[in-house]
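Commentary on secondary and tertiary structure
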Amino acid sequence: MALPEIQADKTLGDAWDYKGRPAVRSATGGWTAAAMILGVEACERLTTLGIAVNLVTYLTSTMHLGSASSANTVTNFLGTSFMLCLLGGFVADTFLGRYLTIAIFATVQGIGVTILTISTMIPSLHPPRCDPGSPSCQSADGMQLVVLFTALYLTALGTGGLKSSVSGFGSDQFDDTNKEEKAQMTSFFNWFFFFISIGSLVAVTVLVYIQDNVGRRWGYGVIACAIVFGILVFLSGTKKYRFKKLLGSPLTQIAAVCVGAWRKRNLQTPSDLSLLFTIDDIENEGSKKKQKLPHSKQFRFLDKAAIIDANTKINMSNAQDKWFLSTLTDVEEVKMVIRMLPIWATTIMFWTVYAQMTTFSVSQATTLDRHIGKSFEIPAASMTAFFVGSILLTVPVYDCIVIPLAKKFLKNPQGLSPLQCIGVGLVLSIFAMAAAAFTEIKRLDVAREHNLVHAHNAVLPLSVFWLIPQFFFVGAGEAFTYIGQLDFFLKECPKGMKTMSTGLFLSTLSLGCFFSSVLVSIVHKFTGDNKPWLADNLNEGKLYNFYWLLTILSVLNMILFLLGANWYVYKDKRLAEEGIEPEEEESALH
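Summary of the structure given here. (Residues numbered from 1 in each chain as written. Predicted model: local features only at pLDDT ≥ 70, side-chain atom pairs only at ≥ 80, totals over all residues. Heavy atoms only, no water.)

1. Some thoughts on the packing of helix H10 (residues 348-355) against helix H16 (residues 543-567)
- At a minimum axis separation of 10 Å, H10 and H16 run at an interaxial angle of 160°. Considered as vectors, H10 and H16 are oriented roughly antiparallel to each other. Crossing handedness for the pair H10 and H16: left-handed. Between H10, through Met349, Thr352 and Val353, and H16, the contact on the second element is made entirely by Leu550, Leu553, Ser554 and Asn557. (Axes fitted to C-alpha atoms, helices over the stretch in contact; angles between N-to-C directions. Helix = DSSP H or I, 4+ residues; strand = E, 2+ residues; numbered from the N terminus. Parallel < 35°, antiparallel > 145°, perpendicular 65-115°, else oblique. Left-handed = near helix turned anticlockwise from the far one by under 90°. Contact = heavy atoms within 4.5 Å.)

As structure tokens, then:
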């Protein structure tokens, strides 16, 4: 048998087939398996954005909820979807594995969308039609809201579990020790981002148009059918997939180090490192290989988790109780995560700004002239297509123009560093909110000029394209922030915590949405009903003040980010100073 044939039929040491046998390279994994996984991700984006970008108009026009309440419902739905990625990742890493997690949570997502579709078809599950602002207009009652929220949060639960595992399970189909398959993995991430973008674009154009012009039942029904199709395609690839062993969740390691340090809080931290339990003590005992990390003087209270005291009994033939004793490397990995928290915290504000694109910016669009020619009218939520288009435009501009210029003038072989990318994104978010405030002032001037301040559902003689700058700046900002965050969390997280690094990134999206909800509630409460900033009829409110508030908060957040970025030392530089050669890391920029 020829050498290439031997290589092709070689079994992989760290992957198994669906029957639990060592996976054969030629019969499992590769592009055939990965392509079936990409379809599920496209359906996930189609579902999340297909519901979220047009949900505020459904809540105000059909369910007759207030402007602030509708905005909070949308941001809470998005925030919960992203936050549940942490739960999904924990379940996948600890109990179910990525394959079962995707299959189960995709089904849950399908059930949620099906309930949402049915609720739009049954008249008793939404209030009777009326003119917004009319005294006889009834808001959705308790039972109607229960059905609606059940559908939305089942969908959010499914999205969180599904999203946490799709990219990881896709990368599992390629062997990164094989040169050819490693190159295919790079191509997979390119196509992964492409499918996310295509799903987003279809959601904000085709699906939104169907929802507004054909009917919500048809729009949500298409989403439900797409999910079913995606699940069937995913399950059909079962025999082709490669499966990896469960390695446990990094969240457990973090909790174990904190618990161990707390239990030994009364002990004195030794200056002699030999008294701390090191990776050398267990590296030959079957534990998963970790990169040895130098001891750092920061957060030394955590070192107590690795103290070997008289009450600690170690049996080297058995795994030590991690809740009483952690290795020094485990402790240092947790310290690395803690060092990242200031950067993590200061990126939340960007996603608070991002949340406005699916709430108040869409509400603004409903009051403006959306006609192209005499016959075609752009759905209000489809203005987010400019947001998606801005992302698709910014990525190649960044790759082809910004990186070469940065290499030349900043002398950085990678172009912009991850923190520099994030910084650019935060600056663009400030521009976005300033542009949104100026546009809202212009919109209100037109409303007053034509005596339409108190008219509900009035369409102002002002083009909807005045909103493009705020969508453009946020979209371009997302491209930079997304690239920077993903690269930062992927490279700076310990090698054994790659799954959690994605969870940390997605948690900033979640907390940004939740912070938006809190901010809206506070503003709505303090500005009252007499001179509200966030009125049900935007023409009677002062939405521009809310945008200025976000601008000011974004500037203050930018200052905090600069302080955190100046304090932070990249992992590679820190290891180089200790004379340790960093291990090769995957890049988020494929």
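2. Describing the pairing of strand E1 (residues 11-16)
- With 2 bridges connecting them, E1 and strand E2 (residues 22-24) associate as antiparallel partners. Bridge pairing in E2 links threonine 11 to valine 24.
- Hairpin connection between E1 and E2: a loop of 5 residues separates the two successive antiparallel strands, and glycine 20 in this loop has a positive phi of roughly 85°. (Pairing = 2+ DSSP bridges.)

3. A look at the packing of aromatic side chains
- In this structure the tally under the stated criterion is 25 aromatic pairs.
- Seen from their ring centres, tyrosine 99 and phenylalanine 169 are 6.2 Å apart, and the 50° between their planes marks the pair as tilted. Linking tyrosine 99 in helix H4 (residues 67-121) with phenylalanine 169 in helix H5 (residues 142-172), this pair joins segments that are 70 residues apart in sequence. Comparing tyrosine 99 with phenylalanine 169, the two get one shared label, buried.
- Ring geometry for phenylalanine 350 and tryptophan 351: centres 4.9 Å apart, planes at 85°, overall edge-to-face.
- Its relative accessible area of 0% is what places phenylalanine 350 among the buried residues.
- Three or more aromatic residues link up through ring pairs in this structure, and these residues are Phe350, Trp351, Tyr354, Phe387, Tyr482 and Phe505. (Phe/Tyr/Trp six-rings, centres within 6.5 Å; stacked < 30°, edge-to-face > 60°. Buried < 20%, exposed > 50% of the residue type's maximum accessible area, 1.4 Å probe, protein only.)

4. Brief notes about the state of the cysteines
- Taken as a whole and judged by the stated rule, the model has 1 disulfide.
- Between the sulfur atoms of cysteine 130 and its disulfide partner cysteine 137 the distance amounts to 2.0 Å. (Disulfide = S-S within 2.5 Å.)

5. Observations concerning the side chain of serine 382
- Along the chain, serine 382 falls in the loop between strand E5 (376-377) and helix H12 (384-409).
- At 2.7 Å, the side chain of serine 382 and the backbone oxygen of valine 204 are in polar contact.
- Residues contacting serine 382, with those up to four places away along its chain left out, are Val204, Thr205 and Val208. (Polar contact = N/O pair within 3.5 Å; in protein donor to acceptor, adjacent residues only side chain to side chain.)

6. With respect to the nonpolar core
- Core analysis: the biggest nonpolar cluster contains 128 residues, and Ile51, Phe234, Tyr241 and Phe546 have the highest contact counts within it.
- A total of 13 residues in this core trace back to one element, the largest contributor, which is H4.
- The contacts of phenylalanine 234, once residues within four sequence positions are left out, are Met36, Ile37, Val40, Tyr99, Ile102, Ala103, Phe169 and Tyr241.
- Ranked by size, the runner-up nonpolar core spans 9 residues in total, among them Tyr398, Cys421, Phe480 and Ile483. (Core = buried A, V, L, I, M, F, W, Y, C linked by side-chain atoms within 4.5 Å.)

7. A word on the pairing of strand E6 (residues 460-463)
- Here E6 shows one buried face, formed by Leu460 and Leu462, and one open face, formed by Pro461 and Ser463.
- Where strand E3 (residues 368-369) and E6 come together, 2 bridges link them in parallel fashion. What sits directly across from leucine 368, in E6, is leucine 460.

8. Details of the environment of glycine 199
- For glycine 199, the position within the fold is in helix H6 (residues 179-213).
- As for glycine 199 and glycine 39, which are separated by 160 residues in sequence, their C-alpha atoms are 9.7 Å apart.
- Excluding its chain neighbours within four sequence positions, the residues that come into contact with glycine 199 are Ala42, Arg45 and Leu46.

9. Points about H10
- Along H10, 8 of the 8 residues are buried, which leaves the element largely enclosed by surrounding structure.
- Those residues of H10 not exposed but buried are Ile348, Met349, Phe350, Trp351, Thr352, Val353, Tyr354 and Ala355.

10. Topic: the packing of helix H2 (residues 30-52) against H4
- Following both chains from N to C, one finds H2 and H4 inclined at 155°, their axes separated by 7 Å at the closest point. Between H2 and H4, the interaxial angle falls into the category roughly antiparallel. For the pair H2 and H4, the crossing hand works out as left-handed. In this structure, H2 contributes Val40, Glu44, Thr47, Thr48, Ile51 and Ala52 to the contact, and H4 contributes Val74, Phe77, Leu78, Ile102, Gln109, Val113 and Leu116.
- In the contact of H2 with H4, the residues fall into 9 nonpolar, 3 polar and 1 charged. (Nonpolar A, V, L, I, M, F, W, Y, C, P; charged D, E, K, R; others polar.)

11. Thoughts on unusual backbone geometry
- With phi around 60°, histidine 64 is a residue other than glycine that occupies positive phi space.
- Its location among the elements puts histidine 64 in the loop between helix H3 (55-61) and H4.
- In this model, asparagine 451 sits at a positive phi of 55°, which is unusual for a non-glycine residue.
- Inspection of the secondary structure puts asparagine 451 in the loop between helix H13 (418-449) and E6.

12. Comments concerning the pattern of salt bridges
- Evaluation of the coordinates by the stated rule reveals 13 salt bridges.
- Across the salt bridge formed by lysine 335 and aspartate 303, the nearest N and O atoms sit 2.9 Å from each other. Pair noted here: lysine 335 is in helix H9 (residues 328-346) and aspartate 303 is in the loop between helix H8 (250-263) and H9, with a separation of 32 residues, a long-range link.
- Since its relative accessible area comes to 0%, lysine 335 is described here as buried.
- Assessed through its relative accessible area of 0%, aspartate 303 is described here as buried.
- Among the charged side chains, a salt-bridge network with shared partners connects Arg300, Asp303, Glu332 and Lys335. (Salt bridge = Lys/Arg side-chain N within 4 Å of Asp/Glu carboxyl O.)

13. What about a nonpolar patch on the surface?
- A contiguous nonpolar surface patch, about 650 Å² in accessible area, is contributed by Leu393, Val397, Ile401, Leu405, Phe409, Leu410 and Phe472.
- Here the element with the most residues in the nonpolar patch is H12; it accounts for 5 residues.
- By the secondary structure assignment, isoleucine 401 is in helix H12.
- Residue class for isoleucine 401 comes out partly exposed when judged on its relative accessible area of 45%. (Patch = residues over 30% accessible without salt bridge, like charges linked within 9 Å, V, L, I, M, F, W, Y side chains within 5 Å. Areas by Shrake-Rupley, 256 points an atom, 1.4 Å probe, with all protein chains shown as cover.)

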